[in-house]
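Report on the structure
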Amino acid sequence: MALNIGIVGLPNVGKSTLFNALTRAQNAKAENFPFCTIEPNTAVVPVPDPRLAVLADMVHPQNVIHATVEFVDIAGLVKGASKGEGLGNKFLANIRDANAILEVVRCFENGDIVHVEGSIDPARDVAIIENELLLADLEVLEARLARLGKLAKVDPKVRPEHELVEALRAHLESGAPVRTFDRHDDDLLAETLREGRFLTDKKVIYVANVDEDGLASGNAHEAALRALAEKAGCDCVRICAAVEQDMAGLSDEERAEFLASYGISESGLDVIVKTGYHTLGLASFLTAGPKEVRAWTFRRGWKAPKCAGVIHSDFERGFIRAKVVRYEDFVAHGGELKCRELGLVREEGKEYEMQDGDMVEFLFNV
């Protein structure tokens, strides 16, 4: 399964610079003026997973295939975007299918880089962005209500849906996002949320973009954003987009030395992807053989047949059982043969919940 993260933020906060850094390529323009990015940028990048390199050294496959994350970067939003101000609202449709939203917030002072609101204030910037997302969701609801209102007058069966959408609209008009709407066990609600693809129903990860001085220990602006994220129950990541972009093209060894010079050990890409996995409840199971070593993304709580379907639908449809060994055991004992001798290879059935780091061979028949 693919992980899709939409990147949003005000103009000139380092959003496109971060996009360049995440993709390790100069695929998005980054200039010192608003609305530089006027077309959505999409890039698929590998999920860093050191386990794959270890397995590759052991089994010498033809290919090593990482799980991937798709990042979608849209034009900067400004206050009034939902009313036609700026360019960003035009592209919000491009992130309606995203699994999560990355809100990039400027957390550094620099008189040479214009801020569209004239000052640095993370709480205000977050409020502007989230209000525009909320207003975009209201537009979707208003259009749906107009249609349902006419139908409800002639078809009583439509009235429950009409009442639900009206309640959801009232919730948004109070300033609350869709994700805080009362989640009762209701098929109608589930269908309404699925069809609406509401922006404010998505998980949010805040990114505090600091300068080089704030990279190791943060600053007051980042602390304010982190407090806001904690109150909202969201994750928050500190990065310096400019530093990340400077690392584009460096070897792994050079990047490690570069990061160490700033007193940190992980790149922004690593931290953001790990946070995205945590936020969305994702994990990876592994396969290893002469053709390929590969990481496959699944949602925690999924059982073996559904995980088999990540590889191919036939695997899920004809699932018989799964042969499973823990990655740590596989590495510690030099491979599957010794693990089998020690009784560490298990045969699991349809009710087995896959775990992160499980090395799996699926048996199926169609």
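How each quantity is defined
Residues numbered from 1 in each chain as written. Predicted model: local features only at pLDDT ≥ 70, side-chain atom pairs only at ≥ 80, totals over all residues. Heavy atoms only, no water. Helix = DSSP H or I, 4+ residues; strand = E, 2+ residues; numbered from the N terminus. Rg over C-alpha atoms; globule rule 2.2 N^0.38 Å. Contact = heavy atoms within 4.5 Å. Areas by Shrake-Rupley, 256 points an atom, 1.4 Å probe, with all protein chains shown as cover. Lys, Arg positive; Asp, Glu negative; His and termini not counted. Charge placed at Lys NZ, Arg CZ, Asp CG, Glu CD. Core = buried A, V, L, I, M, F, W, Y, C linked by side-chain atoms within 4.5 Å. Buried < 20%, exposed > 50% of the residue type's maximum accessible area, 1.4 Å probe, protein only. pLDDT = per-residue confidence, 0-100. Polar contact = N/O pair within 3.5 Å; in protein donor to acceptor, adjacent residues only side chain to side chain. Pairing = 2+ DSSP bridges. Axes fitted to C-alpha atoms, helices over the stretch in contact; angles between N-to-C directions.

All right, on to the overall build of the protein chain then. Within the protein chain, the secondary structure is distributed over 13 helices and 12 strands. The globule rule puts the C-alpha radius of gyration for 366 residues at 21 Å, and the 23 Å found for the protein chain is close to it. In terms of overall dimensions, the protein chain has C-alpha extents of about 65 × 65 × 35 Å along its principal axes. Contacts in the protein chain between residues far apart in sequence, at least 24 positions, make up 67% of those at least 6 positions apart. Accessible surface computed for the protein chain: about 17600 Å², of which carbon and sulfur atoms make up 50%. The protein chain carries 42 positive and 59 negative side-chain charges, and their two centres are separated by 6 Å.

Right, let's get into the nonpolar core. If you look at the biggest cluster of nonpolar residues, it comprises 52 residues, and the most contacted ones within it are Leu18, Val69, Phe71, Leu92, Ile95, Leu102 and Ile272. Examining the composition of this core, we find that five residues originate from one element, helix α9 (residues 268-280), more than from any other. Every residue in contact with Leu18, bar those within four places of it in the chain, is listed here: Leu102, Val104, Val207, Ile239, Ala241 and Ile272. Counting residues in each nonpolar core, the second largest holds 17 residues, with Ala283, Trp302, Val324 and Met354 among its members.

For the protein chain, per-residue confidence averages 87 on the pLDDT scale, and 91% of positions sit at 70 or higher. In this model, residues 25-30 is a region of pLDDT below 50 whose contacts with residues beyond four sequence positions or in other chains number 19 contacts.

Within the secondary structure layout, Glu222 lies in helix α6 (residues 220-232). A polar side-chain atom of Glu222 sits 2.7 Å from a polar atom in the side chain of Arg226. Beyond its immediate stretch of four places on either side in the chain, Glu222 contacts Cys107, Ala208, Val210 and Arg238.

Our next topic: the sheet that holds strand β1 (residues 3-8). Spatially, the six strands line up as an open sheet ordered β2-β4-β1-β5-β6-β7, and their pairing is mixed. In this open sheet, the two strands that pair with only one neighbour each are β2 (41-46) and β7 (235-239). The mean inter-strand angle of the sheet, taken between neighbouring strand axes irrespective of direction, is 25°. In this structure, β1 lies alongside strand β4 (residues 68-73), joined through five bridges in parallel fashion. The partner of Leu3 across the bridge, within β4, is Val69. Of the strands in this sheet, β5 (100-106), β6 (203-209) and β7 are in contact with α6, which crosses β7 at around 160°. Docked against the sheet, α9 engages β1, β2, β4, β5, β6 and β7, running at close to 175° with respect to β7.

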